[in-house]
Amino acid sequence: MAVSWEESVKYSINTLYLLFFACLVFIMQLGFAMLCAGSVRSKDAMKIMLTNVIDAAAGSISYYLFGFAFAFGFGSGSDANPFIGASYFLYQWAFAIAVAGITSGSMAERTQFTAYLIFSFSLSGFVYLVMVHWVWSSSYWLSPSSSSLLFGSGAIDFAGSGVVHLVGGIAGLWGALIEGPRVGRKPISMRVHNATLVVLGTFLLWFGWFGFNLGSFDKILVSYPSTSDQGNWTAIGRTAVTTTLAESTAGIVTLFGRRLLVGHWDALDVCNGVLGGFVAITSGCSVFEPWAAIYVDLLQLGLWGLIFTGLFAKEELVIQAYDSGKSGVSRPYGLFLGGGWPLLAAQLVEVIAIVGWVSVTMGPSIYTLHRLRLLRISVEDEIAGLDISSHGGWASRCGCKEMSKPGPLGLLGLPKYAEVAILPNHIGKAHYAARRVSLGGRGT
């Protein structure tokens, strides 16, 4: 049967809509790269940027070969698999490569590159995909679009506070706990080496986050039968407002909160606050009124964003987001708005499922790499910096002092490398130990 001209135009506009927002989400990868490169010390900037490039490159191949099928594939009859399962492909690929980028900062400056490849591939190539299947695939147990809704509701995680950001956060937490802090991290706090890159990365992520939240509607030309003048286009406009208000609130709260705690106005803390605001609003961005979006980011956590959705989701907006605004449809909604406990219970189950699934998969994997001594680099390489010890040279000369002639003990006592940071006295012992290793036991 021939498709009408009107249907062809509608399909074309919806396809362009999704492709445009897929590109916005992909821009977030550049935002992560700039944010991470500015946040680490200059001697490790090239390594952290390489990990972000590899997240995109390796993630593309793995997602094409099996990732999309695992996340959204369906069987039929006896072949159906409730545990794991193409215009939608590019948009979901951009999400998949973002989840690994979230974790790279938690293990920065001290992780072997091979270990990171294993970590990234396991997370984005399997662990994350199972959570996508459970929550976003249209017929499975946590999905709000399932024919058999959990607690009659399903879990609302519209753009991924849990599926993307909590999954990445829990994996990164296990990595940081098992690997331990950087040499010299305690008792001091290590400042970023380039605030300009941090701010640039934050704005790129802000721009790209509209792709996360607005693009998750999938289509723009969907009219709501219960009204004559509303459709996905009105919901998308409101979601853009809730997204903007949430991250702005998070930045302002962080600005004044840190002013009270540390006594000065800190741009870097505000950037971190804005990022926390992104994560918190992502779950319920489509089902909140603008006033609720301001409240959600008083606490800037992805976990809180999931719970807050169970408290303040509006029934009309839930029906618009998940039933295209159909008349005569009833859905559980936020507890504080009179919707009862089912939605909140489903949100809590999602939190438990994410924490449990990521912990039982990524925790043992990271610990195995640790026990095999494949996870962390040597103290000598960590002090020298991964750029010069493993990746061929520094990303820039900022903060670096490369000596052209070695002294009696080599380059600052490290013949193979030039030290790139002025080490405080309280980590002198670690520097001395590295020097002894480098010199085969000689030197003082």
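The following paragraphs examine the structure supplied in this document. Please read these numbers as outputs of a predicted model, since none were measured by experiment. (Residues numbered from 1 in each chain as written. Predicted model: local features only at pLDDT ≥ 70, side-chain atom pairs only at ≥ 80, totals over all residues. Heavy atoms only, no water.)

**A look at the environment of G363**
Thinking step 1. With respect to the helices and strands, G363 occurs in helix α12 (residues 342-371).
Thinking step 2. You can call G363 buried: its relative accessible area is 8%.
Thinking step 3. Linking G363 and I170, residues 193 residues apart in sequence, is a C-alpha distance of 9.2 Å.
Thinking step 4. The contacts of G363, once residues within four sequence positions are left out, are W174, I178 and V358. (Helix = DSSP H or I, 4+ residues; strand = E, 2+ residues; numbered from the N terminus. Buried < 20%, exposed > 50% of the residue type's maximum accessible area, 1.4 Å probe, protein only. Contact = heavy atoms within 4.5 Å.)

**A few points about the environment of G172**
Thinking step 1. Of note, G172 is situated in helix α5 (residues 161-179).
Thinking step 2. Sequence separation between G172 and A100 is 72 residues, and the spatial gap between their C-alpha atoms is 9.1 Å.

**Some remarks on the nonpolar core**
Thinking step 1. Counting 95 residues, the largest nonpolar core has Y128, W136 and V358 as the members making the most contacts within it.
Thinking step 2. Here the element with the most residues in this core is helix α4 (residues 113-135); it accounts for 12 residues.
Thinking step 3. In contact with V358, other than residues within four places in its own chain, are V127, V167, I170, A171 and G363.
Thinking step 4. Core analysis: the second largest hydrophobic core is formed by 5 residues, A37, V40, I48 and A108 among them. (Core = buried A, V, L, I, M, F, W, Y, C linked by side-chain atoms within 4.5 Å.)

**Some words on the pattern of salt bridges**
Thinking step 1. In this structure the tally under the stated criterion is 8 salt bridges.
Thinking step 2. For D269, the salt bridge is made with R258, and the minimal N-O distance between the two is 2.8 Å. Residue D269 is located in helix α8 (residues 267-281), and its partner R258 is located in helix α7 (residues 232-262); the two are separated by 11 residues in the primary sequence.
Thinking step 3. Relative accessible area serves as the criterion here: at 15%, D269 is assigned to the buried category.
Thinking step 4. Two residues, E316 and K314, come together in a salt bridge whose shortest N-O distance is 3.9 Å.
Thinking step 5. Taking relative accessible area as the criterion, E316 reaches 41% and is therefore assigned partly exposed.
Thinking step 6. On the basis of relative accessibility, which here comes to 27%, the residue K314 falls in the partly exposed class.
Thinking step 7. Within this structure, R41, E109 and R182 form a network of salt bridges that share partners. (Salt bridge = Lys/Arg side-chain N within 4 Å of Asp/Glu carboxyl O.)

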